[in-house]
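Structural characterization, general
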Amino acid sequence: MSEERKEEHAEDLSVGGPAGPSPPDVRRAAEEDLPPELKAIEAELASLTPRTDRLDRERLIFLAGQQSVYRDTKGTKGTVPFSLRENWDSPLRENWDSPLRENRDSPLRENRDSPRVRWGWPAAFAAMTAVAASLLVALLAQPEPRVVVRIVKVPVEPAGNGEVVPAENLPVPPGEGPRPGPLRDTPGAFPESAPRGGLFALVGLDWAQLYDRDRLSSDTSYPGLRDRVLREGVDSWPTPFPVADVKPTSAPVPYRKLLNRVLGTPESDEPVPDRPLIQTLLYPGANS
Amino acid sequence: MNAVGPELLTRLLDEHGAALVLYAQQWCDSPEDVVQEALLQLVRQAEAPENVVGWVYRVVRNGAISASRSARRRGRREAAAAHRGEPWFQASPGQRLDADTAAAALRQLPVEERETIVARIWGGLTLEQIAELTGTSKSTVHRRYQSGLSALRERLGVVCPKREKKNTLKT
């Protein structure tokens, strides 16, 4: 490309004109400063022509048309052009001419590049991530549920004047023995080496209750047995059952007398006259 | 001011496309992509820049340097772009210099001098435009230009025509 032609192009493509001195003047001044031997090498180099086959002209014009459509319609940036050289040996290059690629470069793709579509999924993802993070923080920050053991003493019976009487002070019904007091108050009821904590406290078993149960298991009185059955079930009933020593108060009553009492007939020791008839009716096959 | 139309783009491609590729090749190994992206970026502009050629050269320069840095990050050897085996110039019957020899001599120059020579000779930019493009003063550009030409003259062995005439007259 000759120097004169270059000057013309520089002038033509400068749309608004360069600021400052015009390019030909500057250029002329620069050329005047060059010694003749450098002008010679400059002219020799200018005779060389750069390669013109490296730009894909048709594809560039096609992409420029697309960009101009984007620019005129929405003013947004277009698609990023593919790499001519870096992807030349790529195995994906065979798909360049596929319909998928054509669709990717088509003007209809601008719908996928619209702000609503472009920011919709990221916004939804960000919102869901924020919700998940807040839930996680709330889960980690909440206090552990504490088990509070409260012992509530319920009065058994109210007194007449409305006062609450403890169970130990209730009157003992007749026929029952004296109500046993708490064993833990009895001196010598526990061994000296009785454990007070550790595994017993862990499983919630009271050592004093354990000793009470042993003591109550040997109690065969009615209140003791009742409490034991209520506490441990029927299986804890001692066998054999205690049988009451009942003695017959009178002589056994004969059958005939009982029958007469039931039928309301007067009692007499005389035999019944119609006895054969009754026997015949009751036992038809029997011989009298 | 209107946007860049197809006529202006076609003219840019015809008159400066090859020089732009050669200019971008001073830094990166994919100059076609850089030039293509620069021209598409020009098309995307709502209004054409005041100096279209200078604007495109600046965008190409920035893109080529950026691509060179990316290539360097990928572990490629520095200045591998300038030493690639692809020919820079196409052979034409009227040229007096051997294209490969001239390209080899150009590759040996520092990138600042090489850039100045390419932009001046094949890009057709003025020294002031090159100074604005490279962010240096006009005198610096002039000095680089002269230094690069001197180095090329020594390597290529180009004889001054006046001295050549004198020599022929003596003989």
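Residues numbered from 1 in each chain as written. Chains lettered and ligands numbered in written order. Predicted model: local features only at pLDDT ≥ 70, side-chain atom pairs only at ≥ 80, totals over all residues.

1. Some points on the overall build of chain A
Counting secondary structure elements, chain A contains 11 helices and 3 strands. In chain A, which comprises 288 residues, the share counted as buried stands at 7%. (Helix = DSSP H or I, 4+ residues; strand = E, 2+ residues; numbered from the N terminus. Buried ≥ 20, exposed ≤ 12 C-beta atoms within 10 Å, placed from the backbone.)

2. Quick word on the overall build of chain B
Each helix and strand counted, chain B has 8 helices and 1 strand in total. For chain B, the succession of helices and strands along the chain, N to C, is α-α-α-β-α-α-α-α-α. The 171 residues of chain B split such that 47% are buried.

3. Considerations on the nonpolar core
Counting 56 residues, the largest nonpolar core has Tyr23, Ala24, Val35, Leu39, Val56 and Val60 of chain B as its most contacted members. Ranked by residue count, the leading element in this core is helix 1 (residues 6-24) of chain B, at 9 residues. (Core = buried A, V, L, I, M, F, W, Y, C linked by C-beta atoms within 7 Å.)

4. Describing the confidence of the model for chain B
Residues and elements named next belong to chain B. Summing up the model confidence of chain B, the mean pLDDT is 81 and the portion of residues at 70 or higher is 84%. Looking across chain B, the model is least confident in helix 8 (residues 161-170), with a mean pLDDT of 56, and most confident in helix 5 (residues 111-122), with 90. Of the two predicted TM-score estimates for the complex, the pTM is 0.46 and the ipTM is 0.78. (pLDDT = per-residue confidence, 0-100.)

5. Thoughts on the environment of Trp27 of chain B
All names here are of chain B. When you line up the elements, Trp27 lands in the loop between helix 1 and helix 2 (31-44). What makes Trp27 buried here is the crowd of 24 C-beta atoms within 10 Å. With 34 residues separating them along the chain, Trp27 and Arg61 place their C-alpha atoms 8.4 Å apart.

6. Some remarks on helix 3 (residues 52-73) of chain B
Look at helix 3 of chain B: 31 Å from first C-alpha to last across 22 residues, which is about the 32 Å you get at 1.5 Å a residue. Along helix 3 of chain B, the residues that are buried comprise Val52, Val53, Gly54, Trp55, Val56, Tyr57, Val60, Arg61, Gly63, Ala64, Ala67 and Ser68 of chain B. (Expected span 1.5 Å × (residues − 1).)

7. Some remarks on helix 4 (residues 99-107) of chain B
Since the α-helix advances by 3.6 residues per turn, residues separated by three or four positions end up pointing in the same direction. For helix 4 of chain B, every residue scored as buried is listed here: Ala102, Ala105 and Leu106 of chain B. Looking straight down helix 4 of chain B, one finds its buried side chains confined to an arc of 100°; they lie on one side. On its buried side, helix 4 of chain B packs onto helix 3 (36-46) of chain A together with strand 1 (89-90), helix 5 and helix 7 (138-156) of chain B. (Arc of directions from axis to C-beta. Contact = placed C-beta atoms within 7 Å.)

8. A word on the packing of helix 1 of chain B against helix 2 of chain B
All names here are of chain B. It is at 9 Å that the axes of helix 1 and helix 2 come closest, and there the two elements cross at 140°. Where helix 1 crosses over helix 2, the two elements pack in a sense that is right-handed. In this structure, helix 1 uses Leu9, Leu12, Gly17, Leu20, Val21 and Ala24 to contact helix 2, whose residues at the interface are Pro31, Glu32, Val34, Val35, Leu39 and Val43. Broken down by class, the residue content of the contact of helix 1 with helix 2 amounts to 10 nonpolar, 1 polar and 1 charged. (Axes fitted to C-alpha atoms, helices over the stretch in contact; angles between N-to-C directions. Left-handed = near helix turned anticlockwise from the far one by under 90°. Nonpolar A, V, L, I, M, F, W, Y, C, P; charged D, E, K, R; others polar.)

9. Some details on the environment of Lys138 of chain B
Residues and elements named next belong to chain B. Here Lys138 shows up in helix 7. Separated by 11 residues in sequence, Lys138 and Leu127 place their C-alpha atoms 6.1 Å apart. Ignoring sequence-local partners within four residues, the contact set of Lys138 consists of Leu127, Glu128 and Ala131.

10. Brief notes about the packing of helix 5 of chain B against helix 6 (residues 127-134) of chain B
What describes two packed helices is the angle between their axes and the distance between those same axes. All names here are of chain B. Running from N to C, helix 5 and helix 6 point in directions that differ by 135°, and their axes come no closer than 10 Å. Overall, the two elements helix 5 and helix 6 adopt an arrangement that is oblique. By crossing handedness, the relation of helix 5 to helix 6 is classed as right-handed. Contacts between helix 5 and helix 6 involve Glu115, Thr116, Ala119 and Arg120 from the first element and Ile130, Leu133 and Thr134 from the second. Here the contact of helix 5 with helix 6 is composed, by residue class, of 3 nonpolar, 2 polar and 2 charged. (Parallel < 35°, antiparallel > 145°, perpendicular 65-115°, else oblique.)

11. Quick look at the confidence of the model for chain A
Residue and element names in this part refer to chain A. Per-residue pLDDT for chain A averages 66, and the proportion of residues at 70 or more is 44%. At the low end of the mean pLDDT range in chain A sits helix 1 (residues 3-13), at 47; at the high end sits helix 6 (residues 115-141), at 91. Taken together, the stretch residues 1-12 has pLDDT below 50 and engages in 13 contacts with residues farther than four places along the chain or on a different chain.

12. Some thoughts on the environment of Leu42 of chain B
Residues and elements named next belong to chain B. Considering the arrangement of structural elements, one finds Leu42 in helix 2. Along the chain, Leu42 and Val59 lie 17 residues apart, while their C-alpha atoms are 9.0 Å from each other. Among all residues touching Leu42, those that are not within four sequence positions of it are Val4, Trp55 and Val56.

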